[in-house]
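# Coordinate inspection notes
Okay, here's what each chain looks like letter by letter:
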Amino acid sequence: GRVAELPAPAPGVIHSTICDLIRAERKARGVSQARAAEDLGVSGLTFGYWERGVNIPAIRYRARLSRWLQMGSREIGDACLAGLRARAGAPTGPR
């Protein structure tokens, strides 16, 4: 499925974070975290960490995420970078 509509980003925020994209897609599909984790071949704990922004998906999982989110690898990379910036308390997009 296509990523669900996301709320408008805060001023100065260009890229959605990977956790926003993952959460929106899971909800759009109407599946549990456990089912989404199974679809992606990761543990429920790992998926929950991604969805809450505790961890950013490792590079080895990004191809699977790209297919699941139906997004290009560049978009996934940008969203992961935005997630890292958000975790660090920095703006998630260029100023």
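The structure under discussion appears in the preceding block.
## So, the packing of helix H1 (residues 18-29) against helix H4 (residues 59-69)
For the pair H1 and H4, the least separation of the axes is 11 Å and the interaxial angle reads 45°. Between H1 and H4, the angle falls in the class oblique. At the point where H1 passes H4, the crossing takes the left-handed sense. Across the interface between the two elements, Ile18, Leu21, Ile22, Glu25, Arg26 and Arg29 from H1 touch Leu65, Trp68 and Leu69 from H4. Across the contact of H1 with H4, the residue classes break down as six nonpolar, no polar and three charged.

Rules of the game
- Residues numbered from 1 in each chain as written.
- Predicted model: local features only at pLDDT ≥ 70, side-chain atom pairs only at ≥ 80, totals over all residues.
- Heavy atoms only, no water.
- Axes fitted to C-alpha atoms, helices over the stretch in contact; angles between N-to-C directions.
- Helix = DSSP H or I, 4+ residues; strand = E, 2+ residues; numbered from the N terminus.
- Parallel < 35°, antiparallel > 145°, perpendicular 65-115°, else oblique.
- Left-handed = near helix turned anticlockwise from the far one by under 90°.
- Contact = heavy atoms within 4.5 Å.
- Nonpolar A, V, L, I, M, F, W, Y, C, P; charged D, E, K, R; others polar.

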